[in-house]
Amino acid sequence: MSPDNKTTLDNVLRMTEMKDSDKYLGVTLLMGRDKTKALKPILQSFGSRLKNWKGKTMNHSARTTMVKHVLNTLPSHQMGSFRIPKTMISQMETLQRQFWWGKEKGIFFIGWNKLMIRKALGGLGFRNLEHFNTALLDKVAWRTCNDEDYLCFTILKAKYAKNDNFLHLEKLQDDCSWLWRSIYSGLEIIKQHTIWVVRCGTKISIWLDCWVIGLNSPPVPIVGSSSYNNFNLACDLYLPGTREWNINTINTLFSQDVVNLILNMQIPNSGEDFII
């Protein structure tokens, strides 16, 4: 869009043109190539909080409370949207460590990794920010798989998975946004640790999804089978008009071990497929 058209549109809609530095709820809306620069406000928020605290005048119990309930939670919103670079996570952990010990240099007699161990195992239960970031992105990825009707996920699906399921994407596009790259990292974990519960069978791909109880990966067709391309969804393995397995079809497509696992799965007469 030309500058003149932008100005005209701004005047008609009474809106201002968004800049690279604009934020929403503390999150930079336009991420450039330098992700560390775009997410720098997180470190600035750490600095503004620490400036008003004097770690040397607090005992370790007070410092522990401040780290857990303030510093550990400051980047939550950004971490729920973007994969934070490891260099920035390292800087945040350095600031937390220096505040807790009450000094910036010198010998730290206990490693920060040991302090992040939960209390029951001898640590102090400080939050591992990298794991926390991963957990929040996994939560978003989980919602993309279960709440595809939400507007934001509908937009993402139209752009990155127009004719496919989110869980069936094999690789990222070269021009995808940092937001989608972050969510996709969560989808990879979802794919490794979830399984479909078979009900109607219309949402489950036989060869791409993990759905057979007892298998940690999608089933593979028996060697020499040439008809497996005719069967795509789990419902194709049912007898017509029912939710009962078509034993002849299953015996034709799979090895005996897989056949036994499938036939041991009881399918209810109602309900939709879902992931667990």
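Here is what the cut-offs are and how they apply
- Residues numbered from 1 in each chain as written.
- Predicted model: local features only at pLDDT ≥ 70, side-chain atom pairs only at ≥ 80, totals over all residues.
- Heavy atoms only, no water.
- Axes fitted to C-alpha atoms, helices over the stretch in contact; angles between N-to-C directions.
- Helix = DSSP H or I, 4+ residues; strand = E, 2+ residues; numbered from the N terminus.
- Parallel < 35°, antiparallel > 145°, perpendicular 65-115°, else oblique.
- Contact = heavy atoms within 4.5 Å.
- Nonpolar A, V, L, I, M, F, W, Y, C, P; charged D, E, K, R; others polar.
- Left-handed = near helix turned anticlockwise from the far one by under 90°.
- Phe/Tyr/Trp six-rings, centres within 6.5 Å; stacked < 30°, edge-to-face > 60°.
- Buried < 20%, exposed > 50% of the residue type's maximum accessible area, 1.4 Å probe, protein only.

### A closer look at the packing of helix α6 (residues 86-101) against helix α8 (residues 129-146)
- Their axes nearest at 9 Å, the elements α6 and α8 cross at an angle of 130 degrees. In terms of axis orientation, α6 runs oblique to α8. Contact residues: Lys86, Ile89, Met92, Glu93 and Gln96 in α6; Leu129, Glu130 and Asn133 in α8.
- For the contact of α6 with α8, the residue count by class is three nonpolar, two polar and three charged.

### Details of the packing of helix α4 (residues 60-71) against α6
- Contact geometry of α4 with α6 gives a least axis separation of 9 Å together with a crossing angle of 160 degrees. Between α4 and α6, the angle is such that the two are roughly antiparallel. Relative to α6, α4 is oriented so that their crossing is right-handed. Across from His60, Arg63, Thr64, Met66, Val67 and Leu71 in α4, the residues of α6 making contact are Gln96, Phe99, Trp100 and Trp101.

### Things to note about the environment of Thr64
- Inspection of the secondary structure puts Thr64 in helix α4.
- Every residue in contact with Thr64, bar those within four places of it in the chain, is listed here: Trp100, Leu124 and Phe126.

### Quick notes on the packing of aromatic side chains
- Scanning the entire structure with this criterion turns up 12 aromatic pairs.
- Considering the side-chain rings of Trp100 and Trp101, the 5.1 Å spacing of their centres and the 85 degrees angle between planes classify their relative orientation as edge-to-face. Exposure class is identical for Trp100 and Trp101. Each is buried.
- Ring centres of Trp101 and Phe108 lie 6.0 Å apart, and the angle between their planes is 55 degrees; on these two criteria the pair is classed as tilted.
- Judged by relative accessible area, which is 16%, Trp101 ranks as buried.
- Overall, Phe108 belongs to the partly exposed group, its relative accessible area being 24%.
- Members of the aromatic cluster, connected to one another through ring pairs, are Trp100, Trp101, Phe108, Trp112 and Phe126.

In short, shape yes, function no, at least from these values alone.
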